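Survey of secondary and tertiary structure
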Amino acid sequence: MPGRGVGQPLKAEAHPCNATGVHGLLEDAEPSIDWDALTFSFKKTDRMYLATCGQDDEWQSGQMQDFTDLSMSPAAGVLNYGQGLFEGMKAQHAADGCIVLFRPEMNATRMQEGARRLGMPPVPERLFLDAVHTTVRENARWVPPIGKGALYVRPLLMGSGPILGVAPAPEYTFLVYVSPVGPYFKGGIRPISLKISDEFHRAAPGGSGGVKAIGNYAPGMIPSKMAKGEGYAEVIYLDAVHHRYVEEVGAANFFCVKDGVISTPELTGTILPGVTRASVIEIAGSRGFEVREESIDVEYALDADECFCAGTAAVVASIGSIEHDGRVAEYSGGEVGPITMELYKALTAIQQRRAPDDFGWTVVVE
Ligand code: PLP
Ligand code: COI
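Described below are features of the structure shown in this document. (Residues numbered from 1 in each chain as written. Chains lettered and ligands numbered in written order. Predicted model: local features only at pLDDT ≥ 70, side-chain atom pairs only at ≥ 80, totals over all residues. Heavy atoms only, no water.)

Describing the overall build of the protein chain
On a plain count of helices and strands, the protein chain comes out with seven helices and 18 strands. Computed over its C-alpha atoms, the radius of gyration of the protein chain comes to 20 Å, within 12% of the 21 Å expected for a compact globule of 366 residues. Projected onto its principal axes, the C-alpha positions of the protein chain cover 60 × 55 × 35 Å. Sorting the 366 residues of the protein chain into buried and exposed places 53% on the buried side. A total accessible area of about 15900 Å² is found for the protein chain, and carbon and sulfur atoms account for 53% of it. Averaged over its 31 positive side-chain charges, the protein chain has a centre that lies 3 Å from the centre of its 46 negative ones. (Helix = DSSP H or I, 4+ residues; strand = E, 2+ residues; numbered from the N terminus. Rg over C-alpha atoms; globule rule 2.2 N^0.38 Å. Buried < 20%, exposed > 50% of the residue type's maximum accessible area, 1.4 Å probe, protein only. Areas by Shrake-Rupley, 256 points an atom, 1.4 Å probe, with all protein chains shown as cover. Lys, Arg positive; Asp, Glu negative; His and termini not counted. Charge placed at Lys NZ, Arg CZ, Asp CG, Glu CD.)

Below you can see the structure in the form of structure tokens.
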């Protein structure tokens, strides 16, 4: 299929969708995929978006093209110095037949903040959203049926131009691809077992932990692999200064509940400001819970009544136990805690439009 220019502003207002999805685009052949066996893994889809920006820091409106490998200089800034960011969001079939995104403008803003931190030209919000909508629309047949998973949307921003000195690259690429995904943690809603890492940290003050820099993730692979080798689903990181305050769960934000009060680590610059985290805080507040954004001492977390983590991929995932320094804390008798369950249900009902979206967070893919 030839490349097609995009860049027409999208209309913000919702429109009724037919049962097959967006403007009949799902009439294309069903992909041969077992929707019941979806895992969180990459599956090649049909189309991707790509835009570039040169030294004038002006983004040109991009092109849709068939999904393909990239070609770039071995001296590209991203390959040599990790000048890159990614984002993650989900498109889902909603109960009303629409395909919807969840707060994509927050991902656009977060990518802009990350771009500033890594010396890259921020992608204009309009261009970002247009690219996301168009990529989802042109891959609409890959959106799983309601309740079977989601189409994970992965925007990438990287220094694609050649540079030998450690400095911002002379050219940037912004692209969006998608992949249908199932649950992030094996076992779906079943509570996960986590291990607190004393050996490794994810981020330090003044570093890049508060943005979605690609370079934040490779150092977490070995800690995660080691924990998985011991039977845990993931690691929990503590802060790098005091080695005592809970920061994050691999690629999701941490929450705990004690005596009905919900706590989550405050945003100090070393924690990623999750879209799901912000949404859970608002949902919980609207349901009358006291929510505290504060430093969470590891001992407080171990003594909590319930713990869970929250993220786009993880959604709201119940934590059944946490190991630290030989001690194992178990929560809610291995079941999903009642407040965790309430928040999971409330969040997913909004995301799939099974409940009124009073916050106005879901956006129909146009
Ligand atoms: N923390 C980290 C390190 C992440 O990679 C993610 C995933 O995006 C999150 C938290 C959760 O953020 P969000 O809810 O925006 O997906
Ligand atoms: C997300 O939740 O979108 C993430 O970024 C997790 C990802 C690292 C798999």
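Now, onward.
Here we look at the side chain of Lys 195
Relative to the elements of secondary structure, Lys 195 occurs in strand S9 (residues 192-197). Polar side-chain contacts of Lys 195 include one of 3.1 Å to the side chain of Glu 230. When near neighbours in sequence (up to four residues on either side) are disregarded, Lys 195 contacts Glu 230, Tyr 232, Glu 234, Val 235, Ile 236 and Glu 323. (Polar contact = N/O pair within 3.5 Å; in protein donor to acceptor, adjacent residues only side chain to side chain. Contact = heavy atoms within 4.5 Å.)

A few points about helix H7 (residues 338-351)
Residues spaced three or four apart along an α-helix point in a common direction, a consequence of the helix completing one turn every 3.6 residues. The terminal C-alpha atoms of H7 lie 20 Å apart, and with 14 residues this matches the ideal 20 Å at 1.5 Å per residue to within 8%. Listed as buried for H7 are Ile 339, Thr 340, Leu 343, Ala 346, Leu 347, Thr 348, Ala 349, Ile 350 and Gln 351. (Expected span 1.5 Å × (residues − 1).)

Examining the site of ligand 2
Around ligand 2, a shell composed of Phe 40, Phe 86, Gly 88, Tyr 152, Arg 154, Tyr 184, Lys 212, Ala 251, Thr 312 and Ala 313 is seen. The contact in question runs from an oxygen atom of ligand 2 to an N or O atom on the backbone of Thr 312, over 3.5 Å. The contact in question runs from an oxygen atom of ligand 2 to an N or O atom on the backbone of Ala 313, over 2.8 Å. Burial of ligand 2 by the protein chains amounts to 88% of its free accessible area of 280 Å². Considered class by class, the residues forming the shell around ligand 2 number six nonpolar, two polar and two charged. Lining the shell around ligand 2 are residues from two domains, each supplying at least three of them: domain 1 (4-182) and domain 2 (192-351). (Near = heavy atom within 4 Å. Nonpolar A, V, L, I, M, F, W, Y, C, P; charged D, E, K, R; others polar. Domains from an automatic or database assignment.)

Let's talk about the packing of helix H5 (residues 275-286) against H7
As a packed pair, H5 and H7 sit with axes 10 Å apart at the nearest point and diverge in direction by 110°. With respect to each other, H5 and H7 are oriented roughly perpendicular. For the element pair H5 and H7, the recorded crossing hand is right-handed. Between H5 and H7, the contacting residues are Thr 276, Ser 279, Val 280, Ile 283 and Ala 284 on the first element and Leu 343, Ala 346, Leu 347 and Ile 350 on the second. For the contact of H5 with H7, the residue count by class is seven nonpolar, two polar and no charged. (Axes fitted to C-alpha atoms, helices over the stretch in contact; angles between N-to-C directions. Parallel < 35°, antiparallel > 145°, perpendicular 65-115°, else oblique. Left-handed = near helix turned anticlockwise from the far one by under 90°.)

Describing the state of the cysteines
What makes a disulfide is a covalent bond joining the sulfur atoms belonging to two cysteines. With the rule as written, the count across this model stands at zero disulfides. Cys 307 takes part in no disulfide bond, and the closest cysteine sulfur, belonging to Cys 256, lies 5.1 Å away. Judged by its relative accessible area of 1%, Cys 307 is buried. Cys 309 takes part in no disulfide bond, and the closest cysteine sulfur, belonging to Cys 307, lies 9.8 Å away. (Disulfide = S-S within 2.5 Å.)

Section: the environment of Ala 301
Structurally, Ala 301 can be placed in helix H6 (residues 298-302). On the basis of relative accessible area, Ala 301 is assigned to the buried category, the value being 1%. For the pair formed by Ala 301 and Phe 254, sequence separation is 47 residues and the distance between their alpha carbons is 9.7 Å. When neighbours within four sequence positions are excluded, Ala 301 is seen to be in contact with Val 246, Phe 254, Cys 256, Ile 296, Cys 307 and Tyr 331.

A few points about the pattern of salt bridges
Per the stated rule, a full pass over the model turns up 16 salt bridges. Among the ionic pairs, Glu 248 bridges to Arg 202, the shortest N-O distance being 2.9 Å. Of this pair, Glu 248 sits in strand S11 (residues 246-249) while Arg 202 sits in the loop between S9 and helix H4 (221-229), placing them 46 residues apart in sequence. You can call Arg 202 buried: its relative accessible area is 14%. Ionic contacts of the salt-bridge type, sharing partners, join the residues Arg 47, Asp 66 and Glu 138 into one network. (Salt bridge = Lys/Arg side-chain N within 4 Å of Asp/Glu carboxyl O.)

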